[in-house]
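These are the residues of each chain, in order.
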Amino acid sequence: YSVMVELELHSLLVQLLLSLLLVTATIWSVALYDIHRSEQSELRAAENNMVYQAQAFAENARANIKRINEIALDLRTHWVNNPNAFSALIQQRQEHTADITFQVAVIGADGYMLFSNLSRSSERVYLGDREHFQVHLQAEPGLGLRSVVSREDGPAGLSTVRRPGDGGFCCSPD
């Protein structure tokens with residue numbers, strides 16, 4: 001009789017262990033599935049967030065480029081009509097557009113800088129070899145955009161160049 005009881009206990013123990021193993025495997029399967037589903041959901045949310053941020057950045061950049069173009073058009077007219085008051089006018093424009101930092105340089109058709117609101121050097125600076133200047137020598141008048149790195153202090157920026165129809169100079173807010 002004791003052998004029979006021992007066999008039944010052994011059988012019961014095996015069934016209990018198998019049941020425990022099955023429950024554990026089920027719990028792990030559900031947990032891994034939930035982790036995978038959660039990860040996919042987070043990736044989708046991050047991707048959507050990135051798309052929305054890219055759209056907002058593009059709209060902001062487009063609006064800022066439009067503003068800089070309008071400033072360049074206005075400044076171009078003032079340079080031609082009254083170059084002596086140009087520095088004060090640029091300072092006034094920068095005060096009205098405090099959310100955008102820009103440099104204004106006027107480059108002659110020969111490639112030499114005629115004016116810069118940052119530089120008061122008595123030495124003539126040649127900018128005619130810069131890509132954003134060269135492109136406008138052959139291009140139709142209009143707004144040109146180029147990424148540039150400053151020769152003086154090294155920061156990268158966006159150069160907007162607007163050339164008048166007569167090819168006389170470039171006005172380059174950076």
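Residues numbered from 1 in each chain as written. Predicted model: local features only at pLDDT ≥ 70, side-chain atom pairs only at ≥ 80, totals over all residues. Heavy atoms only, no water.

**Regarding the overall build of the chain**
Argument step 1. Along its length, the chain carries three helices and five strands.
Argument step 2. Element order for the chain, N to C, with α for helix and β for strand: α-α-β-β-α-β-β-β.
Argument step 3. Taking all 174 residues of the chain together, the buried fraction comes to 24%.
Argument step 4. Across the chain, contacts joining residues at least 24 apart in sequence account for 41% of those joining residues at least 6 apart.
Argument step 5. Looking at the chain as shown, the accessible area adds up to about 12,400 Å², and 58% of this sits on carbon and sulfur atoms. (Helix = DSSP H or I, 4+ residues; strand = E, 2+ residues; numbered from the N terminus. Buried < 20%, exposed > 50% of the residue type's maximum accessible area, 1.4 Å probe, protein only. Contact = heavy atoms within 4.5 Å. Areas by Shrake-Rupley, 256 points an atom, 1.4 Å probe, with all protein chains shown as cover.)

**A closer look at the confidence of the model for the chain**
Argument step 1. Confidence along the chain averages 80 in pLDDT terms, with 75% of residues attaining 70 or more.
Argument step 2. Per-element mean pLDDT across the chain ranges from 48 in strand 5 (residues 169–171) up to 91 in helix 1 (residues 2–81). (pLDDT = per-residue confidence, 0-100.)

**Section: the packing of helix 1 against helix 2 (residues 86–96)**
Argument step 1. Look at helix 1 against helix 2: their axes get within 10 Å of each other, and the N-to-C directions meet at 160°. Classified by the angle their axes make, helix 1 and helix 2 are roughly antiparallel. In terms of crossing hand, the pair formed by helix 1 and helix 2 is right-handed. Taken together, the residues of helix 2 that come into contact with helix 1 (itself represented by Asp74, Leu75, His78 and Trp79) are Phe86, Leu89, Ile90 and Arg93.
Argument step 2. Residues of the contact of helix 1 with helix 2, tallied by class, amount to five nonpolar, one polar and two charged. (Axes fitted to C-alpha atoms, helices over the stretch in contact; angles between N-to-C directions. Parallel < 35°, antiparallel > 145°, perpendicular 65-115°, else oblique. Left-handed = near helix turned anticlockwise from the far one by under 90°. Nonpolar A, V, L, I, M, F, W, Y, C, P; charged D, E, K, R; others polar.)

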